[in-house]
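# Structure assessment
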Amino acid sequence: MNPILSNCIESRNGNYCHALEISDVHELECVIESISSEGWSTEDLKDFFNTITVYAMDESNEDEIYNFDFDNYIDSLN
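Since we're looking at a predicted model, the values are computed, not measured. (Residues numbered from 1 in each chain as written. Predicted model: local features only at pLDDT ≥ 70, side-chain atom pairs only at ≥ 80, totals over all residues. Heavy atoms only, no water.)

## Examining the overall build of the protein chain
- Per the secondary structure count, the protein chain includes five helices and two strands.
- Helices and strands appear in the protein chain in the N-to-C order α-β-α-α-β-α-α.
- Against the globule reference of 12 Å for 78 residues, the protein chain gives a C-alpha radius of gyration of 13 Å, in line with a compact fold.
- Its C-alpha atoms give the protein chain principal-axis dimensions of roughly 35 × 30 × 15 Å.
- Contacts in the protein chain between residues at least 24 apart in sequence constitute 70% of all its contacts with a sequence separation of at least 6.
- As displayed, the protein chain offers around 5000 Å² of accessible surface, 43% of which is attributable to carbon and sulfur atoms. (Helix = DSSP H or I, 4+ residues; strand = E, 2+ residues; numbered from the N terminus. Rg over C-alpha atoms; globule rule 2.2 N^0.38 Å. Contact = heavy atoms within 4.5 Å. Areas by Shrake-Rupley, 256 points an atom, 1.4 Å probe, with all protein chains shown as cover.)

## Quick word on the pairing of strand β2 (residues 53–56)
- Along β2, the buried face is formed by Val54 and Ala56; none of Thr53 and Tyr55, which line the opposite face, is buried.
- When strand β1 (residues 19–22) meets β2, the two strands line up parallel, connected through four bridges. Looking across to β2, one finds that Ala19 is bridged to Thr53. (Buried < 20%, exposed > 50% of the residue type's maximum accessible area, 1.4 Å probe, protein only. Pairing = 2+ DSSP bridges.)

## Describing helix α2 (residues 25–36)
- Its 12 residues give α2 an end-to-end C-alpha distance of 16 Å, which sits within 8% of 16 Å, the value for a rise of 1.5 Å per residue.
- For α2, every residue scored as buried is listed here: Val25, Leu28, Ile32, Ile35 and Ser36. One side of α2 carries all its buried residues, which in axial view fall inside an arc of 100°.
- Buried-residue contacts for α2 involve α1 (3–11), β1, α3 (42–50), α4 (62–66) and α5 (70–76).
- One side-chain oxygen at the N-terminal end of α2 lies 3.2 Å from the backbone nitrogen of His26; it belongs to Asp24. (Expected span 1.5 Å × (residues − 1). Arc of directions from axis to C-beta. Polar contact = N/O pair within 3.5 Å; in protein donor to acceptor, adjacent residues only side chain to side chain.)

Right, dumping it as structure tokens:
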């Protein structure tokens, strides 16, 4: 299991839903940056975010959010 996911599940005593509700891409980028600042490897970050379910909370931003390229963004952080 992905170590980031394992950490989330363990720290919340099993009460974790692998999903994000996002209003715009900037908010999604901030979440990625926050988690990446904890020192996880690039591969673990990619695995974690490529398996997460993302829900767009603003219909006007749906296409941008649902077409977001996690791999490219995570690579750009290095």
